[in-house]
Amino acid sequence: MKKLCPKHIRVLGIAASWQGIGFAVMENESRLVDWGSKRGNGDKNARCLSHVGNLVAQYAPNVIALESTRLEGSRRHLRVQSLIDQIVRMAEEEKIKVKRFSRKELSAGFLSNDEGTKHDVALHLAARFPEELGFRLPRKHTLLVNEDCRMDMFDAVALAEHFLRSGE
Amino acid sequence: MEFIHTHFMASKQLPNYLLSYRKRSALSQGEVAFLLGIRSGSKISHYERFKREPGLQTALAYEAIYQKPVSELFPGLFEKIQREVKARAKILEHRTFSGNMIQVATRKRKALATIVSAEAKSQSTQS
């Protein structure tokens, strides 16, 4: 299998959740440039949007990869859906292409079936990027404990990596 | 099967990858500042966000910290400088080296041809 890409394709993966956002900047050949998560207090959407703006200004990505929240089965909160819509509008203003992937597409892209959990995908990514993500893998989420905010970062890496792998 | 991303404009290479290397090593900006012998961590932020270029001593200290050559830590900056040097080498190539012995002139031309034909360093930091 061969990939033909322009010299520098830069993708900004953004995973929004109830806690804030996870972000990952990747370049072709799956080079992880920047990654992390941002938790927002108060007006979460404004803070997160401002952070996305800073990332766009700093890295000038060609593409922003986001989660599809409009699909049937998506249970994202209205605030998160609104944040994603705001990011899409920002991308359009900056003339940046947007690609959206559903959770099923991500699971199918990284695992042998589309029934895997977010943690399974995170495990795969931690093995793929041991130096960058290996030591940041959170413990598996249980019903009694809130999901670790680092999981947003893994989701963002998954979105960016899936875009680079799919070649769409 | 071939994947083609040709409908996306290629973006410019980033001036440096200092932030990536610092995050990989799990060092804080303050810790890197300490290793570099700099008092404030804000300078580190400026370097990492491309707002400021470090001096030679700091660049070499970065090489010692991250164990990567300076040209790999600063590929965008290196490419820019390399392009400028190549352009100047092309100008120098067309000069006649009067007063030089033939062997010296030949050697100079060979050195200049090497500079002009040098390939830009590819990204090899994903290791």
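Not measured: the values here are computed from a predicted model. (Residues numbered from 1 in each chain as written. Chains lettered and ligands numbered in written order. Predicted model: local features only at pLDDT ≥ 70, side-chain atom pairs only at ≥ 80, totals over all residues.)

Colleague: So what's going on with the overall build of chain B? Residues and values would help.
Modeller: Counting its secondary structure elements, chain B contains 7 helices and 1 strand. Looking at chain B as a whole, 14% of its 127 residues are labelled buried. Expressed as a percentage of contacts within chain B between residues at least 6 apart in sequence, the contacts between residues at least 24 apart total 59%. (Helix = DSSP H or I, 4+ residues; strand = E, 2+ residues; numbered from the N terminus. Buried ≥ 20, exposed ≤ 12 C-beta atoms within 10 Å, placed from the backbone. Contact = placed C-beta atoms within 7 Å.)

Colleague: Give me the lowdown on the overall build of chain A, citing residues and values where you can.
Modeller: From N to C terminus, chain A includes 6 helices and 6 strands. Put simply, chain A runs from its N terminus to its C terminus through helices and strands in the order β-β-β-β-α-β-α-β-α-α-α-α. Taking 168 residues into account, the globule formula puts the C-alpha radius of gyration at 15 Å, and chain A, at 15 Å, falls close to it. In terms of overall dimensions, chain A has C-alpha extents of about 45 × 35 × 30 Å along its principal axes. In chain A, which comprises 168 residues, the share counted as buried stands at 39%. Restricting to contacts in chain A with at least 6 residues of sequence separation, those with at least 24 account for 65%. (Rg over C-alpha atoms; globule rule 2.2 N^0.38 Å.)

Colleague: Give a description of the domain arrangement of chain B that names residues and reports values.
Modeller: According to the domain assignment, chain B consists of domain 1 (18–73) and domain 2 (82–117). A separation of 35 Å is found between the C-alpha centroids of domain 1 of chain B and domain 2 of chain B. (Domains from an automatic or database assignment.)

Colleague: An account of the packing of helix 4 (residues 118–128) of chain A against helix 6 (residues 150–166) of chain A is requested, with residue identities and associated values reported.
Modeller: Axis angle and axis distance: for two packed helices, these are the angle between their axes and the distance between the axes, and together they describe the pair. All names here are of chain A. The interhelical angle for the contact between helix 4 and helix 6, taken along N-to-C directions, is 70°, at an axis separation of 10 Å. Overall, the two elements helix 4 and helix 6 adopt an arrangement that is roughly perpendicular. Of the residues in helix 6, those in contact with Lys118, Val121, Ala122 and Leu125 of helix 4 are Met151, Phe154, Asp155, Val157 and Ala158. Residues that form the contact of helix 4 with helix 6 fall into these classes: 7 nonpolar, no polar and 2 charged. (Axes fitted to C-alpha atoms, helices over the stretch in contact; angles between N-to-C directions. Parallel < 35°, antiparallel > 145°, perpendicular 65-115°, else oblique. Nonpolar A, V, L, I, M, F, W, Y, C, P; charged D, E, K, R; others polar.)

Colleague: Report on the nonpolar core, specifying residues and quantitative values.
Modeller: Residue and element names in this part refer to chain A. Core analysis: the biggest nonpolar cluster contains 57 residues, and Ile14, Ala24, Val157 and Ala160 have the highest contact counts within it. If one sorts the elements of this core by residue count, helix 6 sits on top with 10 residues. For Ala160, the contacting residues outside a window of four places in its chain are Val11, Leu12, Gly13, Ala24, Met26 and Ala65. (Core = buried A, V, L, I, M, F, W, Y, C linked by C-beta atoms within 7 Å.)

Colleague: A description of the sheet that holds strand 4 (residues 31–39) of chain A should follow, citing residues and the corresponding values.
Modeller: Residues and elements named next belong to chain A. Taken in spatial order, the 5 strands of this open sheet run 4-3-2-5-6, and their pairing is mixed. With one partner strand each, in any of the chains shown, strand 4 and strand 6 (97–101) form the two edges of the open sheet. Between one strand and the next, the sheet's axes are offset by a mean angle of 20°, whatever the strand orientation. Where strand 3 (residues 20–27) and strand 4 come together, 8 bridges link them in antiparallel fashion. Residue Gly20 lies in a different strand from strand 4, and its bridge partner there is Arg39. Against the sheet, helix 6 touches strand 2 (10–16), strand 3, strand 4, strand 5 (63–67) and strand 6, its axis set at about 35° to strand 3. (Pairing = 2+ DSSP bridges.)

Colleague: Could you give me a rundown of the confidence of the model for chain B, with the residues and numbers involved?
Modeller: Detailed reading of the predicted coordinates is not advisable wherever pLDDT falls low. Residue and element names in this part refer to chain B. Mean pLDDT over chain B stands at 85; residues scoring 70 or higher make up 85%. Looking across chain B, the model is least confident in strand 1 (residues 2–4), with a mean pLDDT of 43, and most confident in helix 4 (residues 56–66), with 97. Taken as a whole, residues 122–127 scores under 50 in pLDDT and shows 8 contacts with residues more than four places along the chain or in a different chain. Model confidence for the complex is summarised by a pTM of 0.84, with the ipTM given as 0.83. (pLDDT = per-residue confidence, 0-100.)

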